[in-house]
Amino acid sequence: MGRSPQQERPKARLPKGFRDVEAEEIQGVKEMLRVLERVYETYGFEPLETPFLEYTDALGKFLPDQDRPNEGVFSIKDEDNQWLSLRYDLTAPLARYVAEHYEGLAKPFRSYRSGWVFRNEKPGPGRFRQFMQFDADTVGTASPAADAEVCMMAADALEALGIERGSYVVKFNSRKILDGVQEQLKIPLEVRTIWLRALDKLDRLGPQAVKELLGKGRKDESGDFTKGAGLTDEQISESVSFAEGRTLKGHQIGFVGTPEIDEMRLLFDAAGYGEDRIRFDPSVVRGLDYYTGAVFEAELTFETMDEAGQQVRFGSVGGGGRYDDLVARFRGEAVPATGFSMGVSRLYAALKHLGRTQTQKTLPPVVVLVLDRQHMGIYQKFTNELRAAKIRAEMYLGTAGMKAQMKYADRRGAPLVVIQGTDERERKVVQIKDLAAGADMARQIDSREEWRAARAAQIEVPESELVAAVKAALEQRR
């Protein structure tokens, strides 16, 4: 027995960890990215775009070493039986690009990139499997000046977006210092990555959860279990103490990163970036394993509400660091690099919280109503004349009557509608109705007679004056 059409009908639903993005946020994010691009281009960075898919081996040793590398990333096989993965960040593809085009690039190579990245990880509140990043990287120099520059650029970008001084801080540290902590606490090399990633979750999960991740492991709210690092109670306590910015009891850390930290501080002072904007913080960790030197974090310090309704700091909106080994994987020689990544969705959420989002002030389209389908060509002509004059316009493409067309225009937020029935067409005129002035009336219109009675919100002009009249009406609304 065959299945009925109703049984075969798919359910409209989103995959877990993904979301739809609507017009207001798209437009706001576009404006935010334009601001970031202007700041980054002032620093001499140029745009670059890499594809969503890369060969899995090009993404690096930072992926799980399994037969099918689908833990942490989304992967497929191509027609040549090669594994491909959706990029999990924008840095690994940059390393591949630089290695592939190394001889032809001016070095240091400075670029910025924005785009979607994908993580095959368990989603949670505010954590999605697809999200956007905006990165800037300098490849080809080991100078701490390059590390300092991306920190200064991040601070300038946040202020350019309207985040006031005192509401943010860019913090920096060095992985070399973290190496010293690891050595002093005798953290085994085989659990280094677990240790770093657990410490990096302190702001998000809190001390107790991090202690569990450093110990036997942690079961989250859904019941899923994450294996821990298996450290001793003292190692756990001292690790969390360090990540919270406190000194280690009974240990002297060898600050082998101090020379580069000192040089960065010198540059910040010379450029006028005080500790209210950029400061050293030994608790900055950064969870990815490919960082080799300086690491950075951009944190917003104002308060907001968390999922539990508690007042908390907004927290991190981006970060990065030095990764001198990533390009070297391809070339077999040292290629130093450093960069900073902004989390676009999180940064946009912060701007929205502060009331700093910007959208290009573009009016919705003028709607040309279709009252006589035998004369579609005339309505199309009106629409094209408006578009040629750089006025957003659309001709109604449905089959409904006038009342439904007016409701459609109202729902679209149309500032004006253009109306021509038989009488107007014979007299070579059009009616231009202002929906803002006559919105309430528009919802009540049922017939031609009612429309004729609602003259206060509309004007009549010759067809030849349509564009000029629409322009004048729109100008009055600005």
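Caption draft 1: Focus on the side chain of E463. By the element assignment, E463 lies in the loop between strand 18 (458-462) and helix 19 (466-477). No salt bridge forms around the buried E463; measuring N to O, its nearest opposite-charge neighbour K428 is 4.9 Å away. Each residue touching E463, except ones within four places of it in the same chain, is listed here: F382, Q420, K428, V429 and V430.

Caption draft 2: The packing of helix 14 (residues 376-388) against helix 19, seen in detail. Between helix 14 and helix 19, the shortest axis-to-axis distance is 10 Å and the interhelical angle comes to 55°. Classified by the interaxial angle, the pair formed by helix 14 and helix 19 is oblique. The hand of the helix 14/helix 19 crossing is right-handed. Of helix 19, the residues touching helix 14 (which contributes F382, E385 and L386) are L466, V467 and V470. In terms of residue class, the contact of helix 14 with helix 19 is built from 5 nonpolar, no polar and 1 charged.

Caption draft 3: Representation of the side chain of R119 within the structure. Structurally, the position occupied by R119 is in the loop between strand 5 (109-118) and strand 6 (130-139). Although R119 is buried, it makes no salt bridge; E121 carries the closest opposite charge, 4.7 Å away. At 2.6 Å, the side chain of R119 forms a polar contact with the backbone oxygen of Y88. Residues within four places of R119 in sequence aside, it is in contact with G72, F74, Y88, D89, R129, F131 and Q133.

Caption draft 4: Focus on the packing of helix 6 (residues 175-185) against helix 10 (residues 233-243). Put simply, helix 6 and helix 10 touch, their axes get as near as 11 Å, and they point 160° apart. By the criterion of interaxial angle, the relationship of helix 6 to helix 10 is roughly antiparallel. As for how helix 6 packs across helix 10, the hand of that crossing is right-handed. Between helix 6 and helix 10, the residues in contact are L178, V181 and L185 and Q235, E238, S239 and F242, respectively. Residues that form the contact of helix 6 with helix 10 fall into these classes: 4 nonpolar, 2 polar and 1 charged.

Caption draft 5: Summary view of the packing of aromatic side chains. What the rule picks out here adds up to 11 aromatic pairs. Plain terms: the ring middles of F18 and F74 are 6.3 Å apart, the flat faces sit at 50° to each other, and that makes the pair tilted. A residue pair is termed long-range when its members are at least 10 positions apart, and F18 in the loop between helix 1 (5-8) and helix 2 (23-42) and F74 in the loop between helix 3 (56-59) and strand 3 (75-77) qualify at 56 residues. By relative accessible area, F18 is classed as partly exposed at 23%. Between F172 and F280 the ring centres are 5.9 Å apart and the planes differ by 65°, which places this aromatic pair in the edge-to-face class. Residue F172 is located in strand 7 (residues 168-174), and its partner F280 is located in strand 10 (residues 278-280); the two are separated by 108 residues in the primary sequence. One aromatic cluster is present, built from ring pairs that chain together Y40, Y112 and F134. K107 extends its terminal NZ or CZ atom over the ring of Y102, reaching a point 4.3 Å from the ring centre.

Caption draft 6: Structural view of unusual backbone geometry. The step from K107 to P108 runs through a cis peptide bond, and the omega angle for that step is 5°. Residue placement: P108 occurs in the loop between helix 4 (91-100) and strand 5. In this structure, K428 takes a positive phi of about 60° despite not being glycine. If you trace the backbone, K428 turns up in the loop between helix 16 (422-427) and strand 17 (429-434).

Caption draft 7: The environment of V327, seen in detail. Along the chain, V327 falls in the loop between strand 12 (311-322) and helix 12 (328-331). The exposure class assigned to V327 is buried, which follows from its relative accessible area of 1%. Setting aside chain neighbours within four positions, we find V327 in contact with A95, V98, A99, V139 and V335.

Caption draft 8: Expanded view of the environment of K30. The topology assignment puts K30 in helix 2. For the pair K30 and Q358, spaced 328 residues apart in sequence, the C-alpha separation works out to 9.0 Å.

Caption draft 9: Inspection of the pairing of strand 4 (residues 83-86) at higher detail. Where strand 2 (residues 53-55) meets strand 4, 3 bridges bridge the pair, whose relative direction is antiparallel. Paired with L53 across the bridge in strand 4 is L86. Sheet analysis places strand 3 next to strand 4, joined by 3 bridges and oriented antiparallel. Across the sheet, residue K77 finds its bridge partner in strand 4, namely W83. Where strand 3 folds back onto strand 4 in an antiparallel hairpin, the turn is made up of 5 residues, including N81, whose phi is positive at roughly 65°.

What counts and how
- Residues numbered from 1 in each chain as written.
- Predicted model: local features only at pLDDT ≥ 70, side-chain atom pairs only at ≥ 80, totals over all residues.
- Heavy atoms only, no water.
- Helix = DSSP H or I, 4+ residues; strand = E, 2+ residues; numbered from the N terminus.
- Buried < 20%, exposed > 50% of the residue type's maximum accessible area, 1.4 Å probe, protein only.
- Lys, Arg positive; Asp, Glu negative; His and termini not counted.
- Salt bridge = Lys/Arg side-chain N within 4 Å of Asp/Glu carboxyl O.
- Contact = heavy atoms within 4.5 Å.
- Axes fitted to C-alpha atoms, helices over the stretch in contact; angles between N-to-C directions.
- Parallel < 35°, antiparallel > 145°, perpendicular 65-115°, else oblique.
- Left-handed = near helix turned anticlockwise from the far one by under 90°.
- Nonpolar A, V, L, I, M, F, W, Y, C, P; charged D, E, K, R; others polar.
- Polar contact = N/O pair within 3.5 Å; in protein donor to acceptor, adjacent residues only side chain to side chain.
- Phe/Tyr/Trp six-rings, centres within 6.5 Å; stacked < 30°, edge-to-face > 60°.
- Lys NZ or Arg CZ within 6 Å of the ring centre and 35° of its normal.
- Pairing = 2+ DSSP bridges.

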